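Inside the fold
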Amino acid sequence: MVEHALRSTALEAVHERLGATFTDFAGWRMPVRYGSDLAEHAAVRESAGLFDLSHMGEIRIEGPQAPEALDHAFAGKISTVSVGRAKYTLLLTESGGVIDDVIVYRRAEDRYLVVANASNAAADLAALQERRADFDVEVIDASAETALIAVQGPASAEIITGALTVEGTEAAGITEADIDALGYYRFLEGTYRGAELLVARTGYTGEDGFELYVRAELAPSLWDHLTAVGGQKLTPCGLACRDTLRLEAGMPLYGNELGTELHPAQSGLGKVVALKSKGDFVGRSAVESTDTSELPVLVGLAAQGRRAARAGAVVRTTDGTEVGTVSSGALSPTLGHPIAMAFVRPDLTAVGTELVLDVRGKDLPARVVDLPFYSRS
Amino acid sequence: MSDDLRYSKDHEWVRLDEDGLAVVGVTDYAAGQLGDVVYVDLPEVDDEISAGTVMGEIESTKSVSDLYSPIDGSVVEVNQEVVDAPELVNSSPCDEGWLIKVRTGDLPEDLLTAEEYAQLTKG
């Protein structure tokens, strides 16, 4: 086999030891599964899963004008996010397309952490460098020295509490009461083996869960520690189940549901763009001046049987008129039937609308359903 | 991997059973690469299939792959159990997870031995 210059995370040796199957994801050699991706998917829904997400990009924004710089750079209002809270937002092009969807964590009045998709980390860094020019702020690429480990699933709070707050562990600064009180999209700062540890209640699976940012060289130790504490309740999970989990949860994947040629409103993210609460920002004038009312809109589609429509599949009306394209699709492991997200003509988005998916030459009847397909009880 | 099987470069295996029929399935290696198989689309009984051409598809949670026939012949039996429980392709690719039985002549000479196939799939 040809050896490509793939990047690997600090946890590669751990994945090798666990017998992972690897895939090339955005230039990274990442575990796609360790055993059965259906079992890994079920583990996250029923107990907890452990993910290496260290391929994602971490960018530090630090300086007295960090809040103003980020209000200018992003579509959301970042200056009013409280310290200790996170916000999902978009990085737009001048023409209103989406460069990336990111989470911004406010660590102090003048310090933020931006977490980017691996595939867009370089583009985000370039855009943020450019957009900081008029502000007293530094943009620092911290991706290489930062590892990201996620624990996702109903048992995750118990595992995180056991791993990080109990006497005798090498974590410090976070208590059981802190974890108990930690709301969704909020985070805590502590230490692991003396180095900074950020523990956020965020995720991409539709379950309760945590994302842990730690120095890369400490990632194998933290992974092993979580594994020891989690025991049978915690299953290592690869990117295959991450994709089916996020699809069931109706969460967009950059490159499928988001892109530079798509307006946020088409992907159902019009509200993420803060037109009312702040002044000018990159992409604002384009968003304001673009009439998106005739453009295709993202919907959820559900079908019966076992065959799934995949990204690129054509969507038709029942009388055969082509009206859209599937952006993501799979046989839902939790629901047991095919689900898809698709961009369709805007007059066909009402729940219950009957459509037809072209699944590799065979027609599959489908109907529009509410997103998400799955939400935890 | 078994010595009495022959393998195609498209990751199917073939075994001649006691009735002289060729049993066809996907290899352990291919099943591992696919991930959990959730759907198989197979030819029907009496369909004529020919070596190297698409005879069906196999779908995992993540992807869809074409199934290529490793041999020429006519389909005499389809494994209904694997249609109903596609996970057999993962749990028992060379035994319970067989796909079809085919009436065929001599096996094509370009099929690989176990050793040659192992060489092909060696990382």
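Conventions we followed
- The numbers attached to residues start from 1 for each chain and follow its sequence in the written order.
- Key to labels: chains lettered from A, ligands numbered from 1, both in the order written.
- Confidence filtering applies because this is a predicted model: local features only for residues at pLDDT of at least 70, side-chain atom pairs given and counted only at 80 or more, and all residues used for totals across whole chains, interfaces and linings.
- Side-chain figures throughout are based on the complete set of non-hydrogen atoms in the structure, without hydrogens or water.
- UniProt positions are given in the numbering used here, feature names are shortened, and annotations may be inferred rather than shown by experiment.
- Each domain's extent was defined by an automatic or database domain assignment.
- Throughout, a contact is declared for two residues whenever any of their heavy atoms are within 4.5 Å.
- Once two parts are put together, the accessible area they lose, assessed with a 1.4 Å probe and summed over both, is termed the buried area.
- Any carboxyl oxygen of Asp or Glu within 4 Å of a side-chain nitrogen of Lys or Arg constitutes a salt bridge here.
- Distance and chemistry together define a polar contact, namely a pair of N or O atoms within 3.5 Å, with one atom able to donate a hydrogen and the other to accept it when in protein, and with adjacent residues in sequence counting only for side-chain atoms on both sides.
- Strands here are runs of E lasting at least two residues and helices are runs of H or I lasting at least four, both read from the DSSP assignment and numbered beginning at the N terminus.
- At least two bridges found by DSSP between two strands are what make those strands a pair.
- Simply put, an axis is a line fit to the C-alpha atoms, just over the touching stretch for a helix, and the angle between two N-to-C directions goes from 0 to 180 degrees.
- We call two directions roughly parallel when the angle between them is under 35 degrees, roughly antiparallel when it is over 145, roughly perpendicular when it lies between 65 and 115, and oblique otherwise.
- Should the near helix be turned anticlockwise from the far one by less than a right angle, the crossing is termed left-handed; should it be turned clockwise, right-handed.
- Each residue is assigned to one of three groups, with Ala, Val, Leu, Ile, Met, Phe, Trp, Tyr, Cys and Pro labelled nonpolar, Asp, Glu, Lys and Arg labelled charged, and all others, Gly among them, labelled polar.
- The classification of residues rests on relative accessible area computed with a 1.4 Å probe and restricted to protein chains. Under 20% of the type maximum is buried, over 50% is exposed, and intermediate values are partly exposed.
- For the purposes of this section, nonpolar cores are sets of buried Ala, Val, Leu, Ile, Met, Phe, Trp, Tyr and Cys residues that join through side-chain atoms within 4.5 Å.

- You'll find chain B entered in an unreviewed UniProt entry as Glycine cleavage system H protein, with Brachybacterium epidermidis given as the organism.
- As stated in UniProt under Sequence similarities (unreviewed entry), the record for chain B gives "Belongs to the GcvH family."

- As annotated in an unreviewed UniProt entry, chain A carries the name Aminomethyltransferase and comes from Brachybacterium epidermidis.
- Regarding chain A, the relevant UniProt record gives this comment under Subunit (unreviewed entry): "The glycine cleavage system is composed of four proteins: P, T, L and H."
- Quoted verbatim from the Catalytic activity (unreviewed entry) field of the UniProt record, the comment on chain A reads "N(6)-[(R)-S(8)-aminomethyldihydrolipoyl]-L-lysyl-[protein] + (6S)-5,6,7,8-tetrahydrofolate = N(6)-[(R)-dihydrolipoyl]-L-lysyl-[protein] + (6R)-5,10-methylene-5,6,7,8-tetrahydrofolate + NH4(+)".

**Details of the domain arrangement of chain A**
Residue and element names in this part refer to chain A.
- Segmenting chain A into domains produces domain 1 (1-263 + 276-290) and domain 2 (293-377).
- A separation of 28 Å is found between the C-alpha centroids of domain 1 and domain 2.
- Taken together, the contacts link 17 residues of domain 1 with 19 residues of domain 2.
- Between domain 1 and domain 2, roughly 1,500 Å² of surface is buried when both sides are summed, and carbon and sulfur atoms account for 64% of that area.
- In this assembly, domain 1 and domain 2 are joined by zero salt bridges.
- The tally of links between domain 1 and domain 2 comes to 13 residue pairs in polar contact (both at pLDDT 80 or more).
- At the level of secondary structure, the elements contributing two or more residues to the side of domain 1 that touches domain 2 comprise α2 (37-46) and α8 (239-248).

**Side note on the UniProt feature "domain: Lipoyl-binding" (unreviewed entry) in chain B**
- Per the UniProt record, the feature "domain: Lipoyl-binding" (unreviewed entry) sits at residues 21-103 of chain B.
- Helix makes up 19% of residues 21-103 of chain B and strand makes up 41%, while its end C-alpha atoms are separated by 5 Å.

**Observations concerning the pairing of strand β21 (residues 362-369) of chain A**
Residue and element names in this part refer to chain A.
- Note that strand β16 (residues 297-303) and β21 share four bridges and pair antiparallel. Residue Ala303 lies in a different strand from β21, and its bridge partner there is Ala366.
- Both strand β20 (residues 354-359) and β21 contribute to a ladder of six bridges, which runs antiparallel. Of the residues in β21, the one forming a bridge with Val359 is Lys362.

**A short note on the pattern of salt bridges**
- This model, assessed by the stated rule, comprises 27 salt bridges over all chains.
- Through salt bridges with shared partners, a single network forms among A:Arg60, A:Glu62, A:Arg107, A:Glu189 and A:Glu196.

**Remarks on the packing of α2(A) against α8(A)**
Residues and elements named next belong to chain A.
- Viewed as axis vectors pointing N to C, α2 and α8 meet at an angle of 50°, and their least axial separation amounts to 8 Å. It follows from the interaxial angle that α2 and α8 lie oblique. Between α2 and α8 lies a crossing whose hand is right-handed. Counting all contacts with α2, which are made through Asp37, Glu40, His41, Val44 and Arg45, the residues of α8 involved are Ala240, Cys241, Thr244, Leu245 and Glu248.
- Per-class residue counts for the contact of α2 with α8 are four nonpolar, two polar and four charged.

**A few points about the pairing of strand β5 (residues 57-62) of chain A**
Residues and elements named next belong to chain A.
- Among the six residues of β5, six are classified as buried, and the element is accordingly described as predominantly covered.
- Of the two faces of β5, the one carrying Gly57, Ile59 and Ile61 and the one carrying Glu58, Arg60 and Glu62 are both buried.
- Pairing of β5 with strand β8 (residues 111-116), which is carried by six bridges, proceeds in the antiparallel orientation. Considered in β8, the bridge of Arg60 is made with Leu113.

**Digging into the nonpolar core**
- Core analysis: the biggest nonpolar cluster contains 34 residues, and A:Ile160, A:Leu164, A:Leu212, A:Leu222 and A:Leu226 have the highest contact counts within it.
- When residues of this core are traced back to their parent elements, those giving at least two are β4 (48-52), β10 (146-152), α5 (156-164), β12 (187-192), β13 (195-200), β14 (209-215) and α7 (219-230) of chain A.
- Among the elements that make up this core, the one with the highest residue count is α5(A) (five residues).
- Discounting chain neighbours no more than four positions away, the residues touching A:Leu226 are A:Leu50, A:Ile149, A:Val151, A:Ile159, A:Ile160, A:Ala163, A:Leu212 and A:Leu234.
- Counting residues in hydrophobic clusters, the runner-up holds 24 residues, among them B:Ala31, B:Leu42, B:Leu99 and B:Ile100.

**Focus on the interface of chain B and chain A**
- Facing 17 residues of chain B, the contacting portion of chain A comprises 17 residues.
- Carbon and sulfur atoms make up 45% of the surface buried where chain B meets chain A, a total of about 1,500 Å² over both sides.
- Counting the surface chain B buries against chain A, the share from its top three residues, B:Asp36, B:Thr61 and B:Lys62, is 37%.
- With four residues, helix α1 (residues 28-34) of chain B is the largest single contributor of residues to the side of chain B that touches chain A.
- The residue makeup of the side of chain B that touches chain A, split by class, is five nonpolar, seven polar and five charged.

**Notes on the sheet that holds strand β6 (residues 86-92) of chain A**
All names here are of chain A.
- Overall, antiparallel pairing links the five strands, which are arranged β6-β7-β8-β5-β9 in an open sheet. Every other strand in the sheet has two partners, leaving β6 and β9 (138-141) as the edge strands with one partner each. Between one strand axis and the next, the sheet turns by 30° as a mean value, whatever way the strands run.
- Across seven bridges, the pairing between β6 and strand β7 (residues 98-108) is antiparallel. Note on β7: the bridge partner recorded for Leu92 is Val98.
- Seen against the sheet, helix α3 (residues 66-73) touches β5, β6, β7 and β8 and runs at an angle of roughly 30° to β8.

**Structural notes on the UniProt feature "domain: GCVT N-terminal" (unreviewed entry) in chain A**
- In the numbering adopted here, UniProt assigns the feature "domain: GCVT N-terminal" (unreviewed entry) to residues 13-276 of chain A.
- Counted over residues 13-276 of chain A, helix gives 27% and strand 31%. Its end C-alpha atoms are 49 Å apart.

**A closer look at the environment of A:Asp134**
- Considering the arrangement of structural elements, one finds A:Asp134 in the loop between α4 (121-131) and β9.
- Taking the C-alpha atoms as reference points, A:Asp134 and A:Ala303, separated by 169 residues in sequence, lie 51 Å from one another.

**Thoughts on the sheet that holds β14(A)**
- Spatially, seven strands are ordered β11-β12-β13-β14-β10-β4-β15 (chain A) in an open sheet, and the strand pairing comes out mixed. Looking at the sheet topology across the chains shown, the edges are occupied by β11 (171-172) and β15 (234-236) of chain A.

**Thoughts on α2(A)**
Residue and element names in this part refer to chain A.
- Here α2 has its buried residues at Asp37, Glu40, His41, Ala43, Val44 and Arg45.
- Elements in contact with the buried residues of α2: β3 (28-33), β4, β10, β15 and α8.
- The backbone nitrogen of Leu38 lies 3.3 Å from a side-chain oxygen of the residue at the head of α2, namely Ser36.

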